[in-house]
Amino acid sequence: MKLICYGSSSRGNGYILQGERQTLLIEAGLPLCNVRQYVKDFSTIQGCIISHRHGDHAKYMGDFMRAGITCYANDDVWDNYDGRSLKRGDIEQPTATTQIGEFKVVPMFAHHDVPCWAYLIQHPEMGTLLFVTDSAGFNCSFNTINHIMIECNWSEVCLQLAIDEGRTNWYVAKRSRDTHMGLEVLLAYLHSEECFNASKEVVLLHLSHENSDPQQFQKVVSESLNKPTYVAEYGLQIDLSI
Ligand SMILES: [Zn+2]
Ligand SMILES: [Zn+2]
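Residues numbered from 1 in each chain as written. Chains lettered and ligands numbered in written order. Predicted model: local features only at pLDDT ≥ 70, side-chain atom pairs only at ≥ 80, totals over all residues. Heavy atoms only, no water.

J.: Explain the overall build of the protein chain here, please?
T.: Secondary structure summary: the protein chain contains 8 helices and 13 strands in total. A compact globule built from 242 residues would reach a C-alpha radius of gyration of about 18 Å, and the protein chain, at 17 Å, matches this within 12%. Seen through its principal axes, the protein chain has C-alpha atoms that stretch 50 × 40 × 35 Å. Counting all 242 residues of the protein chain, 59% fall into the buried class. Expressed as a percentage of contacts within the protein chain between residues at least 6 apart in sequence, the contacts between residues at least 24 apart total 59%. Summed over its atoms, the accessible surface of the protein chain is roughly 10600 Å², and 48% of this surface lies on carbon and sulfur atoms. Distance between charge centroids for the protein chain: 5 Å, based on 19 positive and 29 negative side chains. (Helix = DSSP H or I, 4+ residues; strand = E, 2+ residues; numbered from the N terminus. Rg over C-alpha atoms; globule rule 2.2 N^0.38 Å. Buried < 20%, exposed > 50% of the residue type's maximum accessible area, 1.4 Å probe, protein only. Contact = heavy atoms within 4.5 Å. Areas by Shrake-Rupley, 256 points an atom, 1.4 Å probe, with all protein chains shown as cover. Lys, Arg positive; Asp, Glu negative; His and termini not counted. Charge placed at Lys NZ, Arg CZ, Asp CG, Glu CD.)

What follows is the structure in structure tokens.
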């Protein structure tokens, strides 16, 4: 199983889980041509799971569906989507388990300023992957997590520096703290749960352009958790096989 990232920020998010036979897309925040670059045979795509309605995650959902890709999203995404002639996706309850081809997907509540879902994704080739983005915090416990993809949008040091240098203001800082996960919260969560002990790596998602330091975040997380750590950015590819 290969993870491919073709965007991970407020400018657009898109991830591909590419198995030997089947592919699952995560987020539709960037044009479909990005997917075509990596997926030659669209018939392998089982669907696209979307976290929430914001454009950087859902803007191109209509294009995805017109290309025949079933999109899965919460009611709020559908309620705020204007292409109503399209076929509705079919995840209806946040606690339900949904089988999408060989992928088993469980949506969970994240903590954002609009209804947002995190996902637990299981596949025989990769085990269990936790995907959390645009969430001020997270506190779910699990059995064993093999792979972690989690937001690391800001840190206290970077936020303070951005305010001091006039690159951001208190309102933006407050919104970051209230709706996105910072480095300190991420580390506290990953250290607090035994389910993460055996995970193979950590992929940091959705770093803020103003309030993050990708190299420093990567180093701090990798040293603190003693795991290979990656910053998701265009073109990143990781083997998620177990
Ligand atoms: Zn976002
Ligand atoms: Zn958002």
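From this point on, the discussion continues.
J.: So what exactly am I meant to see when it comes to the side chain of Thr23 here?
T.: As for its position among the elements, Thr23 is in strand E3 (residues 23-26). If we ignore the near neighbours within four places in the chain, the residues touching Thr23 are Ile16, Leu17, Gln18, Val39, Thr44, Ile45, Gln46, Gly47 and Phe103.

J.: Would you explain the packing of aromatic side chains in this entry?
T.: For any pair of aromatic rings, the description consists of the separation of the ring centres together with the inter-plane angle of the planes. Per the stated rule, a full pass over the model turns up 6 aromatic pairs. Here Trp117 and Tyr119 contribute two aromatic rings whose centre-to-centre distance is 6.2 Å and whose plane-to-plane angle is 80°, an arrangement assigned as edge-to-face. There is no split in this pair, since Trp117 and Tyr119 are both buried. When the ring of Phe138 is compared with that of Tyr189, the centres are 5.9 Å apart and the planes differ by 80°; the resulting orientation is edge-to-face. Separated by 51 residues along the polypeptide, Phe138 in the loop between strand E9 (127-132) and strand E10 (147-151) and Tyr189 in helix H7 (residues 183-192) bring together distant segments of the chain. By relative accessible area, which is 7% here, Phe138 ends up buried. Using a relative accessible area of 5% as the deciding quantity, one classes Tyr189 as buried. Among the aromatic residues, those joined into a cluster by ring pairs are Phe138, Tyr189 and Phe196. Directly above the aromatic system of Phe42 lies the positively charged group of Arg36, at a separation of 4.1 Å from the ring centroid. (Phe/Tyr/Trp six-rings, centres within 6.5 Å; stacked < 30°, edge-to-face > 60°. Lys NZ or Arg CZ within 6 Å of the ring centre and 35° of its normal.)

J.: When you look at the coordination of the zinc ion (ligand 2) in this model, what are you seeing that I'm missing?
T.: Around a metal, the idealised angle for a tetrahedral arrangement of four donor atoms is 109.5 degrees; for an octahedral arrangement of six donor atoms it is 90 or 180 degrees. Distances from the zinc ion (ligand 2) to its protein donors, His52 (NE2), His54 (ND1), His112 (NE2) and Asp134 (OD), fall at 2.2 to 2.4 Å. Angles of 91 to 171° at the metal separate the 4 donor atoms of the zinc ion (ligand 2), which places the site in the irregular class. Read in sequence order, the donor residues for the zinc ion (ligand 2) give the motif H-x1-H-x57-H-x21-D. (Donors = N, O, S within 2.8 Å, 3.2 Å for Na, K, Ca; no water. Tetrahedral: all angles 85-135°; square planar, octahedral: opposite > 155°, others 65-115°.)

J.: What exactly am I supposed to notice about the pattern of salt bridges here?
T.: A pair can form between side chains of opposite charge whenever their charged atoms are brought close. For the coordinates displayed, the defined rule picks out 9 salt bridges. Across the pair Glu165 and Arg167 runs a salt bridge whose closest N-O atoms are separated by 2.9 Å. Here Arg167 falls in the partly exposed class, since its relative accessible area comes to 36%. With a shortest N-O distance of 2.5 Å, Asp178 and Lys174 are connected by a salt bridge. (Salt bridge = Lys/Arg side-chain N within 4 Å of Asp/Glu carboxyl O.)

J.: Even after reading the chapter, I still don't get the environment of Leu120, so can you show me in this structure?
T.: Along the polypeptide, Leu120 turns up in strand E8 (residues 117-123). On the basis of relative accessibility, which here comes to 14%, the residue Leu120 falls in the buried class. For the pair formed by Leu120 and Pro107, sequence separation is 13 residues and the distance between their alpha carbons is 6.5 Å. Discounting chain neighbours no more than four positions away, the residues touching Leu120 are Lys104, Val105, Val106, Met108, Thr128, Leu129, Leu130, Phe142 and Ile145.

J.: Looking at this structure, how should I read the coordination of the zinc ion (ligand 1)?
T.: Protein-derived coordination of the zinc ion (ligand 1) comes from Asp56 (OD), His57 (NE2), Asp134 (OD) and His206 (NE2), at a distance range of 2.1 to 2.3 Å. Mapped onto the polypeptide sequence, the residues donating to the zinc ion (ligand 1) form the spacing pattern D-H-x76-D-x71-H. Since its relative accessible area comes to 13%, Asp56 is described here as buried.

J.: Mind showing me how you'd approach the sheet that holds strand E6 (residues 98-100) here?
T.: Hydrogen bonds along the backbone pair up the strands of a sheet, which may run parallel or antiparallel. Strands sit in the order E6-E7-E8-E9-E10-E11-E12 across an open sheet of 7 strands; the sheet is mixed. With one partner strand each, in any of the chains shown, E6 and strand E12 (229-231) form the two edges of the open sheet. Shown here is a sheet whose adjacent strand axes are inclined to one another by a mean of 20°, direction ignored. Across the face of the sheet, H7 comes into contact with E9, E10 and strand E11 (201-205) while running at roughly 155° to E10. (Pairing = 2+ DSSP bridges. Axes fitted to C-alpha atoms, helices over the stretch in contact; angles between N-to-C directions.)

J.: How do you make sense of the pairing of E8 when you look at a structure like this?
T.: Burial analysis of E8 places 6 of its 7 residues in the buried class, the great majority of the element. As defined by bridge partners, strand E7 (residues 103-109) adjoins E8 across 6 bridges and the pair is classed as antiparallel. Following the sheet pairing, Phe109 is matched in E8 by Trp117. When E8 meets E9, the two strands line up antiparallel, connected through 5 bridges. Counted as the bridge partner of Ile121 is Leu129 from E9.

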